[in-house]
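Descriptive structure summary
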Amino acid sequence: MKGDTATLLISCPDQKGLVAKIANFIYSNGGNIIHADQHTDFSAGLFLLRVEWQLEGFHLPRSIIESVFAANAKPLQAEWSLHFSDTVPRVAIWVTKQDHCLLDLLWRQHAGEIRAEIPLIISNHTDLYPIANQFGIEFYHIPITEENKIQQEARQLDLLREYRIDLVVLAKYMQILTPDFINFFPNVINIHHSFLPAFAGANPYQRAHERGVKIIGATAHYITADLDEGPIIEQDVVRVSHRDTVADLIRKGKDLERIVLARAVRLHLQNRILVYGNRTVVFA
């Protein structure tokens, strides 16, 4: 058994000796590295690393690891975050009327495939309240109109603070979040029903059918102020043919949406994603 672990995600300007410096910080404090993965983006001159080590026998108490490592990270001009394996993230799922992604995430969480607490579901409609009730999850109906969007987003932010939410998952939540909301709470994953950047925006399956494509896809990405332009976490595709109707594309697409969103959420919760610019490195 590996016991409790710490995971460090770090990005910094590329230079010689970075792996040695970070590994030595862990080794010199009695840590045993059990996973390490790295990538250098030469075009950006950027080094990115994920390293995980056992906490048993590590000389530094958890409460001071961040402050001690900060002294090492400063001369590297690094951006970094530290995570502990026994911290269970708290996730809020936002939905509208479609239930396929919501049910899939709840089933995976119930089965232990996704390690998180899901104390909160928010929706702009009441259709999926019975599902929340079935799983014993608090459900808040917050209808959104053009006139009340700012006030309702303030209420949503209050709920995220009240429930101590770490991640919001838009599981077919058919509303666009404002830039102000995203500035206050940037940890939001969305599932889009196309292989971005193709067919961004509304009605991608209808537009794909009209275009006569031979594959359709789904994309999970982080939300930014630019619609469907956020850093991509996970994608997948399935083949379609001239015999497929729009309804067939939607049916096949829903299967993809479930899988792609679940993968993205799991990768985020396992601290396997580093975002830089509008791109990601995924240490799968």
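Residues numbered from 1 in each chain as written. Predicted model: local features only at pLDDT ≥ 70, side-chain atom pairs only at ≥ 80, totals over all residues. Heavy atoms only, no water.

The chain is annotated in an unreviewed UniProt entry as Formyltetrahydrofolate deformylase from Pannus brasiliensis CCIBt3594. Regarding the chain, the UniProt comment filed under Function (unreviewed entry) reads as follows: "Catalyzes the hydrolysis of 10-formyltetrahydrofolate (formyl-FH4) to formate and tetrahydrofolate (FH4)." For the chain, the Pathway (unreviewed entry) comment in UniProt is given as "Purine metabolism; IMP biosynthesis via de novo pathway; formate from 10-formyl-5,6,7,8-tetrahydrofolate: step 1/1." (UniProt positions renumbered as here; feature names shortened; annotations may be inferred.)

Let us look at the packing of aromatic side chains. In this structure the tally under the stated criterion is seven aromatic pairs. Among the aromatic residues, ring-to-ring pairing joins F25, F69 and W80 into one connected group. The ring of F84 carries R62 above its face, with NZ or CZ at 4.9 Å from the centroid. (Phe/Tyr/Trp six-rings, centres within 6.5 Å; stacked < 30°, edge-to-face > 60°. Lys NZ or Arg CZ within 6 Å of the ring centre and 35° of its normal.)

Once rolled over the atoms, a probe with the size of a water molecule shows which space is left empty. Under the defined criterion, the tally for this structure stands at one cavity of 30 Å³ or more. Here the largest cavity defines a volume of roughly 40 Å³. In terms of lining residues, the largest cavity is bounded by V91, I93, L105, I114, I118, V169, V265 and L269. Put simply, the parts of the chain that give the lining of the largest cavity at least two residues each are β5 (90-95) and α8 (246-269). In terms of residue class, the lining of the largest cavity is made up of eight nonpolar, no polar and no charged. (1 Å grid on protein atoms, 1.4 Å probe; cavity = no way out; pocket = protein on both sides within 12 Å on 5 of 7 lines; lining within 4 Å. Points joined across faces, edges and corners; volume = space filled by probe spheres on them. Helix = DSSP H or I, 4+ residues; strand = E, 2+ residues; numbered from the N terminus. Nonpolar A, V, L, I, M, F, W, Y, C, P; charged D, E, K, R; others polar.)

So, about the nonpolar core. Counting 33 residues, the largest nonpolar core has I93, I121 and L261 as its most contacted members. It is α8 that contributes the most residues to this core, seven residues altogether. In this structure, I93 is in contact with L102, L105, L106, I118, L120, I121, I122, V169 and A171, ignoring residues within four places of it in sequence. Grouped together as the second largest cluster of nonpolar side chains are 22 residues, C12, I26, L60 and F69 included. (Core = buried A, V, L, I, M, F, W, Y, C linked by side-chain atoms within 4.5 Å. Buried < 20%, exposed > 50% of the residue type's maximum accessible area, 1.4 Å probe, protein only. Contact = heavy atoms within 4.5 Å.)

In this structure, N29 sits in the loop between α1 (18-28) and β2 (32-41). With relative accessibility at 14%, the residue N29 sits in the buried group. Within the structure, the side chain of N29 is placed 2.7 Å from the backbone oxygen of F25, a separation counted as a polar contact. (Polar contact = N/O pair within 3.5 Å; in protein donor to acceptor, adjacent residues only side chain to side chain.)

Taken together, the seven strands give an open sheet; going across it, the order is β7-β6-β5-β8-β9-β10-β11, and neighbouring strands pair in mixed fashion. Bordering the open sheet on either side are β7 (138-141) and β11 (232-239), each of which pairs with just one other strand. Across the sheet, the axes of successive neighbouring strands diverge by a mean angle of 15°, strand direction being ignored. Here three bridges tie strand β8 (residues 167-170) to strand β9 (residues 188-192), and the two strands are oriented parallel to one another. Following the sheet pairing, V168 is matched in β9 by V188. Sheet contacts for helix α3 (residues 100-110): β5, β6 (117-123), β8 and β9; angle to β6, the most-contacted strand, approximately 170°. The sheet strands contacting α8 are β5, β8, β9, β10 (215-222) and β11, and the helix crosses β11 at an angle near 155°. (Pairing = 2+ DSSP bridges. Axes fitted to C-alpha atoms, helices over the stretch in contact; angles between N-to-C directions.)

Moving on: the UniProt feature "active site" (unreviewed entry) in the chain. According to UniProt, the feature "active site" (unreviewed entry) maps to D228 in the numbering used here. Mapping D228 onto the fold places it in the loop between β10 and β11. What D228 contacts, discounting residues up to four positions off in sequence, is N190, H192, L196, A200, G201 and H221.

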